[in-house]
Protein chains: 4
Amino acid sequence: MRQETIILNEARNVTLTVYLQEVNGEFLFSKRPGMLVLPGGGYAMCSDREADPVALAYMKAGYQTFVLRYSTGAHKTWPNPLEDYEQAMELIESRAEEWGLDASRISAVGFSAGGHLCACAATIAKHKPAAGIRVYPAILKDICDMCQPGMPQPNEHVTAETCPCFLVACRDDRTVDIKNTLMMQLALADKGISFESHIYSYGGHGFSTAEDWILTNSVSSRVPHWVGDSIVWLQELQGTLTKDGFTEPTVEISMNADSAPVLSVACSLNHICRQSNEARAVLKPMFDGMQAVANARGYSMEGLMAAVGNNTLRELMEMVQVDADTIREIDKALHSMVNQIG
Amino acid sequence: MRQETIILNEARNVTLTVYLQEVNGEFLFSKRPGMLVLPGGGYAMCSDREADPVALAYMKAGYQTFVLRYSTGAHKTWPNPLEDYEQAMELIESRAEEWGLDASRISAVGFSAGGHLCACAATIAKHKPAAGIRVYPAILKDICDMCQPGMPQPNEHVTAETCPCFLVACRDDRTVDIKNTLMMQLALADKGISFESHIYSYGGHGFSTAEDWILTNSVSSRVPHWVGDSIVWLQELQGTLTKDGFTEPTVEISMNADSAPVLSVACSLNHICRQSNEARAVLKPMFDGMQAVANARGYSMEGLMAAVGNNTLRELMEMVQVDADTIREIDKALHSMVNQIG
Amino acid sequence: MRQETIILNEARNVTLTVYLQEVNGEFLFSKRPGMLVLPGGGYAMCSDREADPVALAYMKAGYQTFVLRYSTGAHKTWPNPLEDYEQAMELIESRAEEWGLDASRISAVGFSAGGHLCACAATIAKHKPAAGIRVYPAILKDICDMCQPGMPQPNEHVTAETCPCFLVACRDDRTVDIKNTLMMQLALADKGISFESHIYSYGGHGFSTAEDWILTNSVSSRVPHWVGDSIVWLQELQGTLTKDGFTEPTVEISMNADSAPVLSVACSLNHICRQSNEARAVLKPMFDGMQAVANARGYSMEGLMAAVGNNTLRELMEMVQVDADTIREIDKALHSMVNQIG
Amino acid sequence: MRQETIILNEARNVTLTVYLQEVNGEFLFSKRPGMLVLPGGGYAMCSDREADPVALAYMKAGYQTFVLRYSTGAHKTWPNPLEDYEQAMELIESRAEEWGLDASRISAVGFSAGGHLCACAATIAKHKPAAGIRVYPAILKDICDMCQPGMPQPNEHVTAETCPCFLVACRDDRTVDIKNTLMMQLALADKGISFESHIYSYGGHGFSTAEDWILTNSVSSRVPHWVGDSIVWLQELQGTLTKDGFTEPTVEISMNADSAPVLSVACSLNHICRQSNEARAVLKPMFDGMQAVANARGYSMEGLMAAVGNNTLRELMEMVQVDADTIREIDKALHSMVNQIG
């Protein structure tokens, strides 16, 4: 393991601390996933409690990690912090190979004000993270204006380009109201962005990784789970790092598969019915299965299709017992067809 | 263990199946907590997949459990299902002693349409459960109207009397859109009701307890956690059953402590500052501690109080190192004072 | 779910309580795994604390469960309890189909004196369980003689026919000394029987499933993990029950593969080197890989083979990067060859 | 976080890599617990796979960590590695204050050959660790002689001075036979040393922390649990680090309380009955409770005492419902009395 602190902007006191683990040698892979940590502190400071302890949690899980101490206090004027983020990501991406890092798997995790910065990174930045984890993030106007009037409210900037997000907060947070997280969820749901969210019963604000030695108040026993849960969530999105490199992802970004450039079994039945005959032709095993179900239960085929039209092809094929190999072949065939209705 | 099925309404085919565990004897306590299970099935049927397997999960955790098969199909006309619920709860409460049950700790768990019924129970029923767990619940007009036009949308009926709630769903649910759960969260947050919510990345609809033998599609690895998490959440709300009876709850229903009939350390500083001098007097150790902090860091006392005014007394006292015994005494003293501004 | 108590022996007050869950219908499989519960109580009684709560834990995991209240007190004279066990297993096996039970997957779990009975079942019974779970079991002469002089010490009866075992105890057990479990481990290791063992730092005797409501003394926080761990261990041995039936087991009973009737990739290199040329021929990809390693690191091929001779073929092939499909083919080929040196 | 590599012995290529986390400042405590990592490698090398990844796991949990690369290869002649260990511990202890480290809470974790070294540290070293964690350790003559003839077998050197131990291995380990771990357990049990042990069904040798990216073969799903389990075990032994410093330990080292210098409620009834009248006098609440039980069930007091004589006073008092405050007072009183029969 080695460590280095790089000054990104001396005038604004912006630094990037880099923690690198070995690749190759006894480890057979040459690239690890990366995690950029954005501590909180109300844009007045960058809290140590949300810096190294967070980096350590992802390092233990195999990540190359980076702590960005962005512009705060006298230098916090927007968009300074976002520019710091862009500069950090540009640097990290440019040195990915040297640093044993997979440039396509660099995510970010932010807390409170750092959660606001992370949400801006996920929505309006040029260098978006592969995935964004936000813990008790500031999102809405009231709290943002307390830090610095005029900052963007990231829930208003969610688009189809926003990266997958993982949200964490406690219901009884009195520093950043829980509605900040709730409104972000709604914006992500509206645009069909893949997300996961855990709102715990109690624990207030500022629990960081919720290790016993970091906590300053009592928290629900589930709160410390978010760290491990976020790591497994990333594995589902990006594959798991093993001695042989990354495995295949298991998540399908299913809610917006209907607007992806090519078709897949993650598309809905309704969507496929609006595609070419060619597309419908590869689905014969599924329609046969559905017909069998319709016959067995005395449904009309039309009625059945209407009732399940929002389901994905995968769900429907599993339901009618199409075997896994056939599903894989159908998915492959669909991937070669352009999505004709966006 | 013993089991009995009671016919609640023969004409509508409504039954309550009762699963009772021993009390007294080798178990030193005489009352267990209770859980009423409300299976899903679109008000067309009550699914077996969301009946006994759910009852078993809570029985393992020590609960007396009850499965209500409410009015469905031809009998589903609202408010039939809610009347069935009321009748079941009335019966359960009336036989609590005979059944080794703590009448003040009877909760409900519902799935899909049963989640709609559970949400109605939590908001508009006469016999509210102590706590309500809702898994991929139907809440909004679109989905409710598909089951039966004219049913209430429970998110519109949340009040200060609504019981604490635990919400579970998957982001990619295509049967009941995730917004059903999101809008319920918002309604609970608006009224300051204690809740917890887990929205998992993927898993669709109908996973029930997510045991391997129940699943019909692939789910995020976190999905099965909801069962155990809900049990610990209930312990935080209601205390943990031990050989000596129930321990003290650890959750404070802090967001609406400001509107509770008496004061407590779960009230906010802002709220207490609007109370009597007597109330402020018992807080001397806290104000002394805050003054010391203000002096040490060169803040004005007014500025400090403005910055942390939404925090609870407990949080502030812990922050300024008031010892645990003193906090307990202050809480006791506050409990004897009427809340003068509702 | 339905429940029935069958009198096995009226004179000796022996009963079998049967708890059955549904199969078929909404559950697509027709057979569940089974678990026979043998409560403890020093052969003086059968404790309720180790009866239904244990049955519930395995029912939640999908099992058909059975509680045997065997001969105790005036009727405890050995081999009465073992005869009760044989009678119960015979009955269960004979009614497996009627009870929705896979007759090849009936395991047993015993506590204290019931752990002794379970260990006798695993070693000397005619109807051995598929797997045996023993929690703070009585094994050695001292403690067995206190219950009833002349009972067998099951660690002395372990043979190659003994079923896989899962052992649980606390280091500070003052009722049944921890050496009972340690000596059982040694006997299983001696015969190459597949086992798993968890000895927790503290928790004494009699914690059963270690649910909060069952405990009578404080226990290490890991103690409650044994229940879930035993269930996953059984899945590794027997496959996991899913909607489509049981998956393939993942454990290889590798330590005694060298004495199995046919060869496999779970055999050791040393063992295979004593087999036919035909067997060695299918291993060419492995020997090629090992030769490459030897060349690369300047080892002699003989030296390398001596150093890793106790390793299994699978381990060695994975080490030299033979691909998974080739390993599977080699395993298949070896399975068709008789093991010539037992 | 900062990092430094100290050369302990240039001729033998021995180094200590030091990883230090912050104390004071935003963290309110000034001392962290420490963990010394002893990698494996058959005394031929020190494996990177068992070095930094292990240090990271304990750093995440709040520890100051140290990786010792001890004498191997040409320099492995015993007692060189043990001397390296002693030198490292002496250095760490001497700089504890400077390094923000609690000198009374420095533990060691060793793997394979490093597990042998860790077991020697726990038994025959001058600077014993506070606790020793050993993962697939080499203990017995066969395997030790393969590394270097003439090394000590640590199971033969366990005494009352040996520190608490945590043992981890897989049943199917073909590199270091599972009996190495089993014989160590027996030696610890013989001397009444506090220990915990987890033997997993399968996973072979060399799995280190069992993170996905470290594994080279398939392992039982429980194997990765050992890391977190060892951390909680250490908390039970040493207290948990919180913002206010360490909490009280919760383990009682009960099996050898009978040979401790002073009495306590962790002593057995039999042992106390051989002490002074003064000691017996403070136990009046317990004897009263036992008498009540004897009366209620028609036992003789002598018979009851004989049956439970090996139990601890704490267990007996809890059994007869002596309240927690009284138990605490009795424990305090006993602590002031010298243990008269060692």
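Anyway, here's the lowdown on the structure attached to this text. (Residues numbered from 1 in each chain as written. Chains lettered and ligands numbered in written order. Predicted model: local features only at pLDDT ≥ 70, side-chain atom pairs only at ≥ 80, totals over all residues. Heavy atoms only, no water.)

1. Some remarks on the relation of the copies chain C and chain D
Reasoning step 1: Of the transformation superimposing chain C on chain D, the axial component is 0.0 Å and the angular component is 180°, with the fit at an RMSD of 0.1 Å. Taken together, the rotation and translation relating the two chain copies correspond to the operation of a two-fold axis. No C-alpha of chain C lies nearer the rotation axis than that of His198(C), which sits 2.4 Å from it. (Least-squares fit on C-alpha atoms with pLDDT ≥ 70 in both.)

2. Overview of the packing of aromatic side chains
Reasoning step 1: A complete count under the given rule lists 44 aromatic pairs over all chains for this structure.
Reasoning step 2: Between Trp213(A) and Phe27(D) the ring centres are 5.9 Å apart and the planes differ by 40°, which places this aromatic pair in the tilted class. Taken together, the residues span two chains, with Trp213(A) in the loop between strand E8 (195–200) and helix H6 (225–238) and Phe27(D) in the loop between strand E2 (14–20) and strand E3 (32–38). Side by side, Trp213(A) and Phe27(D) carry an identical accessibility label, which is buried.
Reasoning step 3: Their ring planes at 80° and their centres at 6.4 Å tell us that Tyr43(C) and Trp78(C) sit as a pair that is edge-to-face. With Tyr43(C) in the loop between strand E3 (32–38) and helix H1 (52–60) and Trp78(C) in the loop between strand E4 (64–69) and helix H2 (80–94), this residue pair connects regions lying 35 residues apart in the sequence.
Reasoning step 4: The class for Trp78(C) is buried, based on a relative accessible area of 17%. (Phe/Tyr/Trp six-rings, centres within 6.5 Å; stacked < 30°, edge-to-face > 60°. Helix = DSSP H or I, 4+ residues; strand = E, 2+ residues; numbered from the N terminus. Buried < 20%, exposed > 50% of the residue type's maximum accessible area, 1.4 Å probe, protein only.)

3. Topic: the relation of the copies chain B and chain A
There are two copies of the chain, and a rotation about an axis plus a shift along that axis relates them.
Reasoning step 1: If you rotate chain B by 180° and push it 0.0 Å along the axis, it lands on chain A with an RMSD of 0.1 Å.
Reasoning step 2: Here 100% of the interface residues in chain B have copies in chain A that are interface residues too; the copies meet face to matching face. (Contact = heavy atoms within 4.5 Å.)

4. Quick look at the interface of chain B and chain A
Reasoning step 1: At the junction of the two partners, chain B supplies 49 residues and chain A supplies 49 residues.
Reasoning step 2: With both chains or domains summed, chain B and chain A bury close to 4000 Å², and 47% of this area falls on carbon and sulfur atoms.
Reasoning step 3: Linking chain B with chain A are six salt bridges, by the criterion used here.
Reasoning step 4: Where chain B packs against chain A, one counts 22 residue pairs in polar contact (both at pLDDT 80 or more).
Reasoning step 5: The element that contributes the greatest number of residues to the side of chain B that touches chain A is helix H5 (residues 179–190) of chain B, accounting for seven residues.
Reasoning step 6: The class makeup of the residues in the side of chain B that touches chain A is 16 nonpolar, 20 polar and 13 charged.
Reasoning step 7: Inspection of the sheet shows E8(A) paired to strand E8 (residues 195–200) of chain B by three bridges, in the antiparallel sense. Of the residues in E8(B), the one forming a bridge with Ser197(A) is Ile199(B). (Buried area = accessible area lost by both parts, 1.4 Å probe. Salt bridge = Lys/Arg side-chain N within 4 Å of Asp/Glu carboxyl O. Polar contact = N/O pair within 3.5 Å; in protein donor to acceptor, adjacent residues only side chain to side chain. Nonpolar A, V, L, I, M, F, W, Y, C, P; charged D, E, K, R; others polar. Pairing = 2+ DSSP bridges.)

5. A short note on the pairing of strand E2 (residues 14–20) of chain B
Residue and element names in this part refer to chain B.
Reasoning step 1: Among the seven residues in E2, seven count as buried, and that is most of the element.
Reasoning step 2: Direction of pairing for strand E1 (residues 2–9) relative to E2: antiparallel, over a ladder of seven bridges. Counterpart to Asn-9 in the pairing with E2 is Val-14.
Reasoning step 3: Turn length for the E1-E2 hairpin, with the two strands adjacent in sequence and antiparallel, is four residues, and the turn residue Asn-13 shows positive phi of about 65°.
Reasoning step 4: Relative to strand E4 (residues 64–69), E2 runs antiparallel, the two being bridged by five bridges. When the sheet's bridge partners are listed, Val-18 is paired in E4 with Phe-66.

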